[in-house]
Amino acid sequence: MNLLSELREGLGISWAAIRANKMRSVLTTLGIVIGIVTVTLMGTAIEGLNRAFLKSISFIGADVLYVQRTGWFINSHEEWLRVQKRRAITLAQVKAVEKQLTLARAVAPTTGTMAPVRYKNRRANQVMLIGTTDQFLYTSAVSVAQGRFLTPGEVDGGRPVCVIGSEVATNLFQRESPLGRRLTIGQQTFEVVGVLDKQGSFLGMISLDNQVIIPLQQFAAGFRSRPEYEFQVKVKDLAQLEEAKEEVRSVMRKVRRLAPSEPDDFAINQQQQFLTLFYRVAGTIAAVGLFITGLSLFVGGIGIMNIMFVSVAERTREIGIRKAIGAKRRTILIQFLIESAAICLLGGLVGLAIAWPLTLVMQKFLPAALSLTIVGIALVVSLVTGVAAGFFPAWRAARMNPVDALRNE
């Protein structure tokens, strides 16, 4: 008898044994069902959080470098005190860097503050006001839904125009078109020339749509005479990101006249910093969460093993007869492994059937995504649990002496 025939025969015998003991099989699978439900829900929550985070930071851009006075992450109070003493980045330095870069597709200086914005009798408080150039359209992830972005002529001439976020457009203009309308920012009036596409929020806390973008000269003239600048560098080729980063560092050190022995007095930030931190934290949370939920699978596996030992004991005479007429140890081993795996696989399918509607409920409160990968993993885990839990009972059955087995009453 070849392996395929043994598998087919073992599957038939195992399915008959499961049907013959329906109640016992149902009770046995409860532990596996609970385990698969908890592991699946944990997996969907982790998958949903991963997707939500990646979507949230997509506006940063994988091929964009952010040059600022301070870094995004500061590890100690001493480091914070040290970076506070750094010199501010000036617009002249940004322009000097832009002229010398060879691997950059676009360079956009930016500065910002919070300001109230008014239109007629409507008002929006704490709006992020950004002063920048036309290059910001290329270095950032923004896209224009209505109208257009700032032009080079408007940036150079300092014309009082602005591009507003979708949230500002909704709050101030409601059902009328914002294009061509004039709104008041602080004490100045700006004409709306464009409305940005909806971007959502950053980490669920900071709205990326509650912003107004104006020419850099207008910002310096009307809101802060000596603003602190930072700038964004979009590289020509993502494959050259590290080379571009080193070029920016070298040019910045030269422009800021740093001696070779002096450390950088600026920071070059990028999306990868967020990803590294997130994956480190998320990996720890996932490991702890899956370990805790995996305990229920372990308990379910112990239950499967116990029932399989009972099944082997009940069918000792059957095992003896099969071995007496020529059944190999491998055949007996495969038979009981299939039975154990089938019970667990059925439990896994039931667990997924329960987890799916629960995932739909979870999606109303937090990010959750039941992907095909998670479904596949859940089924593989249930199958492996069944094989592992049934191995020792199956091994015991395969090792039985047929004479002793036939004497069993």
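So, here's what we can say about the structure. (Residues numbered from 1 in each chain as written. Predicted model: local features only at pLDDT ≥ 70, side-chain atom pairs only at ≥ 80, totals over all residues. Heavy atoms only, no water.)

Attention now moves to the overall build of the chain. Check the secondary structure of the chain and you find 14 helices and 12 strands. Counting every position in the chain, which comprises 409 residues, the buried fraction comes to 45%. In the chain, once contacts between residues fewer than 6 apart in sequence are set aside, the share between residues at least 24 apart is 77%. About 21400 Å² of surface is accessible on the chain, with carbon and sulfur atoms providing 61% of the total. (Helix = DSSP H or I, 4+ residues; strand = E, 2+ residues; numbered from the N terminus. Buried < 20%, exposed > 50% of the residue type's maximum accessible area, 1.4 Å probe, protein only. Contact = heavy atoms within 4.5 Å. Areas by Shrake-Rupley, 256 points an atom, 1.4 Å probe, with all protein chains shown as cover.)

Looking now at helix H13 (residues 372–398). An ideal rise of 1.5 Å per residue puts 39 Å on 27 residues; H13 measures up with 37 Å between its terminal C-alpha atoms. Along H13, the sharpest kink reaches roughly 45°, centred on Phe391 and followed within four residues by the proline Pro393. Along H13, the residues that are buried comprise Ile374, Ala378, Ser382, Thr385, Gly386, Ala389, Gly390, Pro393, Ala394, Ala397 and Ala398. (Expected span 1.5 Å × (residues − 1). Bend = angle between axes of the 7 residues up to and from the residue.)

The next point concerns the pattern of salt bridges. In this structure the tally under the stated criterion is 14 salt bridges. Here Asp63 ties to Lys234 by a salt bridge, and the two come within 2.8 Å at their closest N and O atoms. With Asp63 in the loop between helix H2 (22–56) and strand E1 (64–68) and Lys234 in strand E11 (residues 230–235), this residue pair connects regions lying 171 residues apart in the sequence. Assessed through its relative accessible area of 13%, Lys234 is described here as buried. With a closest N to O distance of 2.9 Å, Asp264 and Arg249 form a salt bridge. Placement of the pair is Asp264 in the loop between helix H9 (241–255) and strand E12 (267–269) and Arg249 in helix H9, with a sequence separation of 15 residues. (Salt bridge = Lys/Arg side-chain N within 4 Å of Asp/Glu carboxyl O.)

Okay, unusual backbone geometry next. For residues that are not glycine, phi is negative in most cases, and the peptide bond is trans in most cases. You will see that Lys120, though not glycine, has its phi angle at about 55°, which is positive. Although it is not a glycine, Gln174 adopts a positive phi angle of roughly 50°. Secondary-structure assignment places Gln174 in the loop between helix H7 (166–173) and strand E6 (182–185). According to the relative accessible area criterion, Gln174 is exposed, its value standing at 53%.

Looking now at the nonpolar core. Inside soluble globular proteins, nonpolar side chains tend to come together where they are buried. Residues Ile304, Ile319, Ile332 and Phe336 are the most contacted members of the largest nonpolar core, which totals 22 residues. The set of elements that each furnish at least two residues to this core consists of H2, helix H10 (271–314), helix H12 (329–362) and H13. Top element by residues in this core is H12. It accounts for seven residues. Those residues in contact with Ile332 that lie beyond four places of it in its chain are Ile319, Arg322, Lys323, Ala327, Ala397 and Ala398. Of all hydrophobic cores here, the second largest spans 21 residues; its members include Leu65, Val97, Ala244 and Phe266. (Core = buried A, V, L, I, M, F, W, Y, C linked by side-chain atoms within 4.5 Å.)

The full count for this structure, using the stated rule, is six aromatic pairs. With a centroid separation of 5.7 Å and an interplanar angle of 75°, the aromatic rings of Phe391 and Phe392 are classed as edge-to-face. (Phe/Tyr/Trp six-rings, centres within 6.5 Å; stacked < 30°, edge-to-face > 60°.)

With that settled, the discussion passes to the environment of Lys198. With respect to the helices, strands and loops of the structure, Lys198 is situated in the loop between strand E7 (188–196) and strand E8 (201–202). Note on Lys198: relative accessible area 67%, which makes it exposed.

Side chains of Phe73, Leu277, Val281 and Ile285 sit close together on the surface and give an oily, nonpolar patch of about 320 Å² of accessible area. Along the chain, Val281 falls in helix H10. (Patch = residues over 30% accessible without salt bridge, like charges linked within 9 Å, V, L, I, M, F, W, Y side chains within 5 Å.)

Turning our attention to the packing of H12 against H13. With their axes 7 Å apart at the nearest point, H12 and H13 run at an angle of 145° to one another. For H12 against H13, the interelement crossing comes out right-handed. Residues belonging to the contact of H12 with H13 are distributed by class as follows: 20 nonpolar, six polar and one charged. (Axes fitted to C-alpha atoms, helices over the stretch in contact; angles between N-to-C directions. Left-handed = near helix turned anticlockwise from the far one by under 90°. Nonpolar A, V, L, I, M, F, W, Y, C, P; charged D, E, K, R; others polar.)

With that settled, consider the side chain of Glu247. With respect to the helices and strands, the residue Glu247 is situated in helix H9. As a buried residue without a salt bridge, Glu247 has its nearest oppositely charged side chain in Lys236, at a separation of 8.2 Å. Setting aside residues no more than four positions away along its own chain, Glu247 makes contact with Gln100, Leu101, Thr102 and Leu103. (Lys, Arg positive; Asp, Glu negative; His and termini not counted.)

With their axes 10 Å apart at the nearest point, helix H11 (residues 316–324) and H12 run at an angle of 145° to one another. Both H11 and H12 take part in a crossing whose hand is right-handed. Contact with H11, carried on its side by Glu318, Ile319, Arg322 and Lys323, involves Arg329, Thr331, Ile332, Gln335 and Phe336 of H12 and no other residues of that element.

Burial along E6 is one-sided: the face carrying Leu183 and Ile185 is buried and the face carrying Arg182 and Thr184 is not. Across four bridges, the pairing between E6 and E7 is antiparallel. Looking across to E7, one finds that Ile185 is bridged to Gln188. Linkage of E6 to E7, two consecutive antiparallel strands, is achieved through a turn of two residues, within which Gly186 is found at a positive phi near 65°. (Pairing = 2+ DSSP bridges.)

By themselves, these observations are geometric and do not establish any function.
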